[in-house]
Amino acid sequence: IYDPALVDVEITGYESLWNEALKDSLVLMDDARNTIGITLKSMGESFNVTDPDILKAAEEKLLRLKPNIRALDYNTPHLAMISGEATVGYMFTPGVVWALAERPDLQVVYPKEGMGFGIDSLFIPVNAPHPLNAHLFLDFILRPEIGKEIAELQAYPCVNRASYPLLSEEFKAN
């Protein structure tokens, strides 16, 4: 996401973040998996590379991004975009949704290199001290009305199928 009124370069994907014109303007999630992943994608590689030579090259490239980074913020990167502290941001979808709610003038970029995805999940360890409580919690969050509330509160489209009919039309259209 970026502020087109303050960014004078075309942003088409991850590689654009290295543009020297973006000095001291980026907010990124301080998450190694994602930051290394977008660096790898900017190099034409997979998010999941394990080759030590390629990872070394990614490390070197990532260090060249440092001058452009204004802030590292995993939990609230959208706030730097809303306030104007940062003019370009890389964040999870909910942060983009929250930033756009406050600043509809911001522009979303779907990276030309491709996007990653993750799957959030919960599990109960085999040696969990209170498995009944864990099952009760899972049963609770899987209730359709609770799934709807979680999805809409977090601006996150990971809802169970039974929750979908309960979602607001505004949420489904976004």
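Residues numbered from 1 in each chain as written. Predicted model: local features only at pLDDT ≥ 70, side-chain atom pairs only at ≥ 80, totals over all residues. Heavy atoms only, no water.

A.B. asks: What am I meant to see in helix α1 (residues 32–42) here?
C.D. replies: An α-helical segment advances 3.6 residues per turn. Residues three or four places apart therefore align on the same side. Summarising burial for α1: 8 of the 11 residues are buried, a large majority. Of all the positions in α1, only Asn 34, Thr 35, Gly 37, Ile 38, Thr 39, Leu 40, Lys 41 and Ser 42 are classed as buried. Buried-residue contacts for α1 involve α2 (52–63) and β3 (88–90). Of the residues one or two after α1, Gly 44 is the one with positive phi, at around 80 degrees. (Buried < 20%, exposed > 50% of the residue type's maximum accessible area, 1.4 Å probe, protein only. Helix = DSSP H or I, 4+ residues; strand = E, 2+ residues; numbered from the N terminus. Contact = heavy atoms within 4.5 Å.)

A.B. asks: Please clarify how unusual backbone geometry should be interpreted in this entry.
C.D. replies: Where the residue is not glycine, phi is negative for most of them; where a peptide bond is considered, it is trans in most cases. Even without a glycine there, the phi angle at Asp 24 is positive, about 55 degrees. Inspection of the secondary structure puts Asp 24 in the segment before β1 (26–28). A positive phi angle, close to 50 degrees, is found at Ala 155, a residue other than glycine. According to the relative accessible area criterion, Ala 155 is buried, its value standing at 9%.

This is a description of form; function is not addressed.
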